[in-house]
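# Reading the structure
Each chain, written out:
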Amino acid sequence: MILSCQHWGDCLAHNTPETAAEMSAPIKLPKNKKLTEAERNELAKKLDDDLDQFMEEMAARRNADPKPKKPFDFDEWCKEIDKHPAFMKDLKPDGEYSEAIQALQALKYDEDDAGDKTVNAEASKKEGNKHFGLKKYRWATDCYTKGIKENCLDRKLNAVLYFNRAAAQKHLGNLRSAVKDCTVGRKFDPMHLKGVIRGAECLLELGYGRDALDWIETSKLSFAFHKETSENSDLSDEEKKQIDDLEKLRVKAVQTAVLEERNDRKSRAEEKKEVEKKKKLLDALKERNLNLNPRVPFSNPELMDWARLDVSLPLMHSHERVKFDDEGNLVWPILLQYPEAGQTDVLTETSETTLLGEIMREVLANPPEWDTNNQFSYENVRFFVTDEYEEYLMEVFEWNDFKSILSLPGFQIRQGLPVIMIITRDHADTSLNCVAEGENKFVVR
């Protein structure tokens, strides 16, 4: 008696526990849960052989029974045969016949799991196609993703899922994601020219002419190889049309690649010019021995990020940054602080050669609205800068130029913005103490 592998799987659909008869020979289970075709056939044959022997032994026991023969009882016969694992209604992989039960479960799992995954993936594809047709591309993407996650064994179905998701991503503007999906899809099915065309279109939309050209050439070679080794090596009308479309894209890719190379040369020239500009500024900052926070890579201008020197404040209408004037001097944005009044002001372009007194006379010539008593007149104020740890103040004077002020030992330029503090003379006299006689350092009392 031969019980097919499919029959064995069908026997697992019952749901009530029974005991089992002893199997005649041990069954060697495969090491991996997933069975190859050869392992499946070998395991099914052993189980069928065992069932044959079980049936023969059951008949021999009935013949050897000395009791008077009873009329055939179908229900009793069913109860007896149900003791064999092939007919057990509840399979538990333990006890006396665990090997046979595990073998049955291995067959059932392997067949049904793979089949279910393919069915589920196909259903997800159809659902995704329905949403795609209604232009609901995000829903379509979710459906294709669900199908992909099934990890079914059908390579062509997997290819379609990836290529279809790429199409939905393309409509959503996610071109890079679409290219990634096309790459995976091509691995599953190199002969899916429609998906290959979609990948080339995405690369061209991104402006990657050289990548598109490489994609097209490698795809054509792979398609030709698989077509030549397939059962039908003749091109269908649809394939001929798709190859013509791919050739048109190849011509466009060549044109895009030429433009891309020209833009790359221009970009490299601009980058070189930018690095030279950074090097010039970094050399000037290093020569002046300035204390900058954050620090800048003096020896590696190619690593320089302009954001380390960019200044942006609510008082400013645009970003400012230290730069060179026509004479090669550095021009700085300067922040003026009035601690007593809680006010600030900004000077956007201050040459390092300018004397402090020269510019402050101009700034303080007309009192601001908040200085109702005109306390901050030029004759009534003193000027200070703080050290980098804010432990003391250093007084600066009207005869100092900004180059010498910014180079003071301990003075730090934070985020490309030097700060000058303006304090009334009375307040400075009553609130500041000189650290030591002859030293230009003050601390708050």
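Residues numbered from 1 in each chain as written. Predicted model: local features only at pLDDT ≥ 70, side-chain atom pairs only at ≥ 80, totals over all residues. Heavy atoms only, no water.

Now for the overall build of the protein chain. Within the protein chain, the secondary structure is distributed over 13 helices and 10 strands. Within the span of the protein chain, comprising 445 residues, buried residues form 39% of the whole. Of the contacts made within the protein chain by residues no fewer than 6 positions apart, 61% connect residues no fewer than 24 positions apart. Summed over all atoms, the accessible surface of the protein chain reaches about 26700 Å², with 50% contributed by carbon and sulfur. (Helix = DSSP H or I, 4+ residues; strand = E, 2+ residues; numbered from the N terminus. Buried < 20%, exposed > 50% of the residue type's maximum accessible area, 1.4 Å probe, protein only. Contact = heavy atoms within 4.5 Å. Areas by Shrake-Rupley, 256 points an atom, 1.4 Å probe, with all protein chains shown as cover.)

A separate point is the UniProt feature "coiled-coil region" (unreviewed entry) in the protein chain. Residues annotated by UniProt as "coiled-coil region" (unreviewed entry) correspond here to residues 259-288. Taken as a whole, residues 259-288 contains 97% helix and 0% strand, while its terminal C-alpha atoms sit 44 Å from one another. (UniProt positions renumbered as here; feature names shortened; annotations may be inferred.)

In this structure, L285, W332, L336, M360, F383, I420 and I422 are the most contacted members of the largest nonpolar core, which totals 36 residues. Counting only elements with at least two residues in this core, the list comes to α10 (237-287), β3 (330-338), α11 (356-363), β5 (381-386), β6 (393-396), α12 (402-406) and β8 (419-424). Counting residues per element, this core draws most heavily on β3, which supplies five residues. Non-local contacts of I420, meaning those with residues more than four positions away in its chain, are made with I334, L335, L336, Q337, F383, F384, V385, F402 and I405. Core analysis: the next-biggest nonpolar cluster, separate from the first, contains 19 residues, A166, L175, A178 and C202 among them. (Core = buried A, V, L, I, M, F, W, Y, C linked by side-chain atoms within 4.5 Å.)

Moving on to helix α6 (residues 155-172). Compared with an ideal rise of 1.5 Å per residue, which puts 18 residues at 26 Å, α6 spans 26 Å between its outermost C-alpha atoms and is within 8% of the ideal. Of all the positions in α6, only L157, N158, A159, L161, Y162, F163, N164, R165, A166, A167, A168 and Q169 are classed as buried. Looking one or two residues beyond α6, the residue adopting positive phi is G173, at roughly 90 degrees. (Expected span 1.5 Å × (residues − 1).)

A separate point is the packing of aromatic side chains. This structure, assessed with the given rule, holds eight aromatic pairs. An angle of 70 degrees between the planes, with centres 5.5 Å apart, marks the rings of W370 and F376 as edge-to-face. When its relative accessible area of 29% is taken as the criterion, W370 is described as partly exposed. The exposure class assigned to F376 is buried, which follows from its relative accessible area of 4%. Ring centres of F397 and W399 lie 4.8 Å apart, and the angle between their planes is 5 degrees; on these two criteria the pair is classed as stacked. Under the relative-accessibility criterion, F397 is labelled partly exposed at 27%. Of the aromatic side chains, those joined through ring pairs into one cluster are Y338, W370 and F376. Taking NZ or CZ as reference, K280 lies 4.7 Å from the ring centre of F324, over its face. (Phe/Tyr/Trp six-rings, centres within 6.5 Å; stacked < 30°, edge-to-face > 60°. Lys NZ or Arg CZ within 6 Å of the ring centre and 35° of its normal.)

What follows deals with the packing of α6 against helix α7 (residues 175-188). Running from amino to carboxyl end, α6 crosses α7 at an angle of 165 degrees, the nearest separation of the two axes being 8 Å. Relative to α7, α6 is oriented roughly antiparallel. The handedness of the crossing between α6 and α7 is left-handed. On the side of α6, the interface is formed by R155, N158, A159, Y162, F163, R165, A166, Q169 and K170, while α7 contributes L175, S177, A178, D181, C182, V184, G185, R186, K187 and F188. A breakdown of the residues in the contact of α6 with α7 according to their chemical character gives nine nonpolar, four polar and six charged. (Axes fitted to C-alpha atoms, helices over the stretch in contact; angles between N-to-C directions. Parallel < 35°, antiparallel > 145°, perpendicular 65-115°, else oblique. Left-handed = near helix turned anticlockwise from the far one by under 90°. Nonpolar A, V, L, I, M, F, W, Y, C, P; charged D, E, K, R; others polar.)

A few words now on the layout of surface pockets. What the second largest pocket holds in volume is close to 210 Å³. Lining the second largest pocket are 16 residues; nearest its centre among them are L393, M421, I423, L432 and V444. Looking at the lining of the second largest pocket, the elements with two or more residues in it are β8, α13 (425-431) and β10 (442-444). Residues belonging to the lining of the second largest pocket are distributed by class as follows: 10 nonpolar, three polar and three charged. (1 Å grid on protein atoms, 1.4 Å probe; cavity = no way out; pocket = protein on both sides within 12 Å on 5 of 7 lines; lining within 4 Å. Points joined across faces, edges and corners; volume = space filled by probe spheres on them.)

Below, the discussion takes up the pairing of β5. Counting buried positions along β5 gives five out of six residues, so the element sits mostly inside the fold. Pairing analysis gives four bridges linking β5 to β8, with the strands arranged antiparallel. Paired with R382 across the bridge in β8 is I423. As judged from the four bridges shared by β5 and β6, these two strands associate in the antiparallel manner. In the strand pairing of β6, V385 is matched with M394. In textbook terms, the turn of a hairpin is the stretch between consecutive antiparallel strands, and for β5 and β6 this stretch comprises six residues, one of which, E390, has a positive phi near 55 degrees. (Pairing = 2+ DSSP bridges.)

Confidence along the protein chain averages 83 in pLDDT terms, with 75% of residues attaining 70 or more. Here residues 1-32 is a poorly scored stretch, pLDDT under 50, and it has 73 contacts once near neighbours within four places are set aside; other chains count. (pLDDT = per-residue confidence, 0-100.)

Our focus in this paragraph is the pattern of salt bridges. Overall, the coordinates contain 21 salt bridges when judged by the stated rule. Its salt-bridge partner being K170, residue E205 comes within 3.0 Å of it at the nearest N-O pair. Of the two residues, E205 is situated in helix α8 (residues 193-205) and K170 in helix α6; the sequence distance between them amounts to 35 residues. One connected set of salt bridges, linked through shared partners, spans R210, E260, E261, D264, R265 and R268. (Salt bridge = Lys/Arg side-chain N within 4 Å of Asp/Glu carboxyl O.)

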